[in-house]
Amino acid sequence: MIEPATTIPAWSMPDVDPARMKTMAAILRDPYPVHWDRDSVAGLGRGHRVINQGPLNLSYITNMLIQWQGPRCIRRLQVSFADPVLDHESITATGTVTSIETVDGERRATCDVRLERNGESVVTGTAVIALTAEDD
Amino acid sequence: MLALVGHRFTGGTRTVEHWENWLLTDCTGLPQLPDGLVHPIALFHVPIQGVGTSIAELFALGKVDGAGSVGLDGYDWEYFQPLEEDIEYRFDGGVIEVERLVTQRGNTYDRFVFSIDLSTPDAKPVARITNHWRLRR
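Let me begin by describing the structure that accompanies this report. Treat the numbers as computed from the prediction; the structure is a model and nothing was measured.

### Quick word on the overall build of chain B
And step 1. Per the secondary structure count, chain B includes three helices and five strands.
And step 2. Secondary structure elements in chain B, listed N-terminal to C-terminal, are β-α-α-α-β-β-β-β.
And step 3. Across its three principal axes, chain B shows a C-alpha extent of roughly 50 × 35 × 20 Å.
And step 4. Out of the 137 residues in chain B, the part that is buried amounts to 35%.
And step 5. The contacts in chain B between residues at least 6 apart in sequence include a share of 68% that link residues at least 24 apart.

### Description of helix α1 (residues 18-28) of chain A
And step 1. Buried within α1(A) we find M21(A), M24(A), A25(A), I27(A) and L28(A). Burial along α1(A) is one-sided: seen end-on, the buried residues are contained in an arc of 160°. Exposed residues lying more than 90 degrees from the buried face of α1(A) are A19(A) and A26(A).
And step 2. Against the buried residues of α1(A) lie α3 (54-69) of chain A together with α1 (18-28), α2 (45-50) and α3 (55-61) of chain B.
And step 3. Just beyond α1(A), the residue with positive phi is R29(A), at close to 55°.

### With respect to the interface of chain A and chain B
And step 1. Contact residues are listed per partner, giving 34 residues for chain A and 29 residues for chain B.
And step 2. When residues of the side of chain A that touches chain B are traced back to their parent elements, those giving at least two are α1, α2 (38-41), α3 and β2 (74-81) of chain A.
And step 3. Here the side of chain A that touches chain B is built from residues that sort into 19 nonpolar, nine polar and six charged.
And step 4. Relative to strand β2 (residues 70-79) of chain B, β2(A) is paired through five bridges, and the arrangement is antiparallel. Across the sheet, Q78(A) pairs through a bridge with D76(B), a residue of β2(B).

### Let's talk about unusual backbone geometry
Residue and element names in this part refer to chain A.
And step 1. Even without being a glycine, R29 presents a positive backbone phi close to 55°.
And step 2. Within the fold, R29 resides in the loop between α1 and α2.
And step 3. The exposed category is assigned to R29, around which 12 C-beta atoms lie within 10 Å.
And step 4. Non-glycine residue D104 carries a positive phi angle of around 50°.
And step 5. Tracing the backbone through its elements, the reader meets D104 in the loop between β3 (91-103) and β4 (106-117).
And step 6. C-beta crowding within 10 Å serves as the criterion here: with 5 such atoms nearby, D104 is assigned to the exposed category.

### Some points on the environment of Y32(A)
And step 1. When you line up the elements, Y32(A) lands in the loop between α1 and α2.
And step 2. Between the C-alpha atom of Y32(A) and that of L131(A), which follows or precedes it by 99 residues, the distance is 37 Å.

### A look at the nonpolar core
Residues and elements named next belong to chain A.
And step 1. One finds I61 and L65 to be the most contacted residues of the largest nonpolar core, which totals 72 residues.
And step 2. Per element, the largest residue contribution to this core is eight residues, and it comes from α3.
And step 3. Excluding its chain neighbours within four sequence positions, the residues that come into contact with L65 are C73, I74, A127 and I129.

### Some remarks on α1(B)
And step 1. All of the buried residues along α1(B) are N21(B), L24(B), T25(B), C27(B) and T28(B). Viewed along the axis of α1(B), the buried residues span an arc of 155°, placing them on a single side of the element. Facing away from the buried side of α1(B) by over 90 degrees, the exposed positions are H18(B) and W19(B).
And step 2. In the core, the buried residues of α1(B) are packed alongside α1 and α3 of chain A.
And step 3. Backbone geometry just after α1(B) places G29(B) at a positive phi near 85°.

### Focus on the pairing of strand β5 (residues 125-136) of chain B
All names here are of chain B.
And step 1. When β2 meets β5, the two strands line up antiparallel, connected through nine bridges. Bridge assignment links L72 to a residue of β5, and that residue is W133.
And step 2. For strand β4 (residues 108-119) and β5, the ladder comprises eleven bridges, and the chain directions are antiparallel. Across the sheet, residue R111 finds its bridge partner in β5, namely R134.
And step 3. Linking β4 back to β5 in an antiparallel pair, the connection comprises five residues, with A123 at a positive phi of about 75°.

Cut-offs applied
- Residues numbered from 1 in each chain as written.
- Chains lettered and ligands numbered in written order.
- Predicted model: local features only at pLDDT ≥ 70, side-chain atom pairs only at ≥ 80, totals over all residues.
- Helix = DSSP H or I, 4+ residues; strand = E, 2+ residues; numbered from the N terminus.
- Buried ≥ 20, exposed ≤ 12 C-beta atoms within 10 Å, placed from the backbone.
- Contact = placed C-beta atoms within 7 Å.
- Arc of directions from axis to C-beta.
- Nonpolar A, V, L, I, M, F, W, Y, C, P; charged D, E, K, R; others polar.
- Pairing = 2+ DSSP bridges.
- Core = buried A, V, L, I, M, F, W, Y, C linked by C-beta atoms within 7 Å.

What follows is the structure in structure tokens.
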């Protein structure tokens, strides 16, 4: 039974791949060079490591939620970005249910969600998730 | 910059094709979703492009350029129904807030907030995104 304090199974990206950032930049039509040009980030004090796109950081949280409650489960995401994720870092999405509500006949969980790097939060926020009958 | 509040994007329609969704999902490290479902993270770029603008045009609108000039503060994304491949969705939105702020270190930036609504061809709501960007001065 899913209830407040239930822990969502974590989802990990063990090696943030700079090649995926390049593909993502093309999909997004994102001209911001910090995602694909190591020389552009040299002056930012983070070494020659490109910066993962914010949407990709959030995707690791959505992947955790999809893995938990299926591909149609997300009703709302509210997140804040605290610190960039760099290429070849290892990160993990985690979450905890904080409350349960029924909205329009649908049982939903509000969850605290985080993206962590070595125990440090780089993305934090709240997700509202529809609980599927078979998993609830 | 404050005059940008109320700026409306052109608006328009956009379809997510299978190849794009496949590559997008692959970038996230997740196996492909079933039934032509679009990965939820598409709510970043698809609304921006669907409303008739681009990340580059938003940078120009916000008068920022170069590495370090832009940061993400946060997103608020509401999903009223899942996005699917090969449906021509409708997009409408605009800039809803601009505020000039100063960090504790004395650095000036503009909090730039825009919102876009997605709907089906028969005008049923699909999603609403509100993105908060930090434009450094």
